[in-house]
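# Topology and contacts: notes
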Amino acid sequence: MLKVGDKAPKFKLASTSGDKISKKKLKGTRYVFYFYPKDNTSGCTTEACDFRDNMARLKKAGIAVYGVSKDSLASHEKFSAKHELPFELLVDPDNEVAEAYGAFGIKKLYGKEVLGTVRSTFVIDAEGSIEAIWSPVKVKGHVDAVLAFLAEATTSKSAKKKPKKKSEKKATKKSEKKALKKPKKVKKAKKAKKSEKKAPAKKAPAKKAPAKKAPAKKAPAKKTPAKKAPAKKAPAKKAPAKKTPAKKTPAKKAPARKAPAKKAPAKKAPAKKAPAKKAPAKKAPAKKAPAKKAPAKRARR
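Here's a quick rundown of the structure. Computed from a predicted structure; not experimentally measured. Residue indices follow the written sequence of each chain, beginning from 1 at its first position. With the structure being a predicted model, the display of local features is reserved for residues of pLDDT at least 70 and the display and counting of side-chain atom pairs for 80 or more, all residues being used for whole-chain, interface and lining totals. With hydrogens and water set aside, each side-chain value is computed from the structure's full complement of heavy atoms.

Among the surface-exposed residues, Lys10, Lys12, Lys20 and Lys24 lie close enough to one another that they form a single positively charged patch. Secondary structure is summarised from DSSP: a helix means a run of H or I of at least four residues, a strand means a run of E of at least two, and numbering begins at the N terminus for each. You can see Lys10 is positioned in the segment before β1 (12-15). A patch consists of residues whose relative accessible area exceeds 30% and which take part in no salt bridge; residues with like charges are grouped when within 9 Å of each other, and nonpolar side chains (Val, Leu, Ile, Met, Phe, Trp, Tyr) when within 5 Å. Here the accessible surface of atoms and residues is derived via Shrake-Rupley with a 1.4 Å probe, and residues count as covered only by protein chains that are part of the display. Only one rule defines a salt bridge in this text: a Lys or Arg side-chain nitrogen within 4 Å of an Asp or Glu carboxyl oxygen. Note that His is not counted, nor are the chain ends; the positive residues are Lys and Arg, and the negative ones are Asp and Glu. Throughout, a charge is located at the NZ atom of Lys, the CZ atom of Arg, the CG atom of Asp or the CD atom of Glu.

Right, here's the structure in full:
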């Protein structure tokens, strides 16, 4: 048997709305799930009409209603239309869901034990757990009992959420203030100690800071010789420029090598061997006397 607080068994049944209603689909909804034996019987009609007449109060409590029996969908539709029921009726043809909820078994009917649907009602919360159970149900006053339970449940929930009275609030505030004052002082003392401890720690690095800045100034001094280095490389480039004229000087010496061309007159020296001229010069005047006069005239000039 199911008990309050148990998880409601799963179900998935055809409905007069045309859809299939399941526990999974109803998650997040608080609803009344009631089992009844048969459509259009006196007790079942009275129960259905009582739920219908109190539907406004049930809606205010945030409750939906679903009736379940083994009757066919066509029978449910006729029964619902005839009595203008504002809630859905579900079809449980093999009583499987009724058995899972403990709403099917041996019952007394007119003093005799019969196997059939046991009139039962369950209130199921938004999380799918059972809040309340009525089984077997007496039709007269049953809906009023359900509404009374819902009203108590809502008042108990609201009572938990109700704020405390002013006198209680003041007392709690005073106690909280007293409790908070001591730790505040302790916290302040701790903070003061921490600040005292931390203060010298901060000043120490402040003194060391200028020491770190001093080498930072020397750093640019190191960079200056780096700039002079390229100045030394500049004359290195001029040095090969001086060597280039050195290459030109041997070009000038080349004509000096041509000086042996001046020695060419040394080759003309054999031209001095013209003593062959002496021979005719001496012999010519010997034969021709007038030839001697001609050189005499040249001497005068």
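So that's the structure; there's more coming.
What follows is about the pairing of strand β8 (residues 120-124). Burial analysis of β8 places 5 of its 5 residues in the buried class, the great majority of the element. Buried, partly exposed and exposed residues are distinguished by accessible area as a fraction of the type maximum, computed with a 1.4 Å probe on protein chains only: under 20%, between the cut-offs, and over 50%, respectively. On β8, burial covers both faces: Ser120, Phe122 and Ile124 on one face and Thr121 and Val123 on the other are all buried.

In this section: the nonpolar core. In terms of nonpolar packing, the biggest core is built from 22 residues, with Val32, Tyr34, Phe51, Leu58, Val65, Phe87 and Leu89 touching the most fellow members. Put simply, the parts of the chain that give this core at least two residues each are β3 (31-35), α1 (42-53), α2 (55-60), β9 (130-134) and α5 (142-161). Sorting elements by how many residues they give to this core places α5 first, with 4 residues. Should any heavy atoms of two residues lie within 4.5 Å, those residues are considered in contact. When sequence neighbours within four positions are dropped, the list of residues in contact with Leu58 reads Phe51, Ile63, Val65, Leu147 and Leu150. Within this scheme, the nonpolar core is defined by two criteria: the residues are buried Ala, Val, Leu, Ile, Met, Phe, Trp, Tyr or Cys, and they are joined through side-chain atoms within 4.5 Å. Residues Phe35, Tyr66, Tyr101 and Phe122 belong to the second largest nonpolar core, which totals 18 residues.

Looking at the secondary structure, you find Gly105 in strand β6 (residues 104-109). Once the C-alpha coordinates of Gly105 and Thr117 are considered, the two residues, 12 residues apart in sequence, prove to be 6.4 Å apart. Ignoring anything within four residues of it in the chain, the contact list for Gly105 reads Val114, Leu115, Gly116 and Val118.

Per the stated rule, a full pass over the model turns up 4 salt bridges. Ionic pairing is found between Lys38 and Asp71, a salt bridge with its closest N-O pair at 3.7 Å. Of the two residues, Lys38 sits in the loop between β3 and α1 while Asp71 sits in the loop between β4 (64-69) and α3 (73-83), which places them 33 residues apart along the sequence. Note on Lys38: relative accessible area 47%, which makes it partly exposed. Arg52 is the partner of Asp53 in a salt bridge, and the nearest nitrogen-oxygen pair spans 3.0 Å. Relative accessible area serves as the criterion here: at 27%, Arg52 is assigned to the partly exposed category.

Turning to the sheet that holds strand β5 (residues 88-91), a few remarks are in order. By way of backbone hydrogen bonds, the strands of a sheet pair with one another, either parallel or antiparallel. Two strands pair under a simple rule: DSSP has to find at least two bridges between them. Read across the sheet, 7 strands follow the order β2-β1-β5-β4-β3-β8-β9 without closing on themselves; strand pairing throughout is mixed. Both outer strands of the open sheet, β2 (20-22) and β9, are each paired with one neighbouring strand and no more. Put simply, the sheet's adjacent strands are angled 30° from each other on average, direction ignored. Simply put, an axis is a line fit to the C-alpha atoms, just over the touching stretch for a helix, and the angle between two N-to-C directions goes from 0 to 180 degrees. Contacts from α3 reach β1, β4 and β5, with the element oriented near 160° to β5.

With 3 bridges connecting them, β1 and β2 associate as antiparallel partners. Looking at β2, one finds that Leu13 is bridged to Ile21.

So, on to the environment of Ser15. Examined against the element boundaries, Ser15 turns out to sit in strand β1. Along the chain, Ser15 and His76 lie 61 residues apart, while their C-alpha atoms are 8.7 Å from each other. In this view, Ser15 contacts Ile21, Leu73, Glu88, Leu89 and Leu90; residues no more than four positions away in its chain are not counted. Pairing of N or O atoms within 3.5 Å defines a polar contact, subject to two protein rules: one partner must be a possible hydrogen donor and the other a possible acceptor, and residues neighboring in sequence count only if both atoms are side-chain atoms. Engagement of the side chain of Ser15 in a polar contact is seen with the side chain of Glu88, the distance being 2.4 Å.

With that settled, consider α3. The set of residues buried in α3 consists of His76, Phe79, Ser80 and His83. One face of α3 carries all of its buried residues, which in axial projection span an arc of 95°. Turned more than 90 degrees from where α3 packs its buried face, Lys78, Ala81 and Lys82 sit exposed. Close packing links the buried residues of α3 with α1, β4 and β5. A positive backbone phi angle near 50° is found at Glu84, which sits one or two residues after α3. Here, the arc refers to the directions that run from the helix axis to the C-beta atoms.

With an omega of -10°, the peptide bond running from Ser135 to Pro136 counts as cis. Summarising the element assignment, Pro136 is placed in the loop between β9 and α5. Of note in this structure, Asn95 is not a glycine but carries a positive phi near 60°. Residue placement: Asn95 occurs in the loop between β5 and α4 (96-100).

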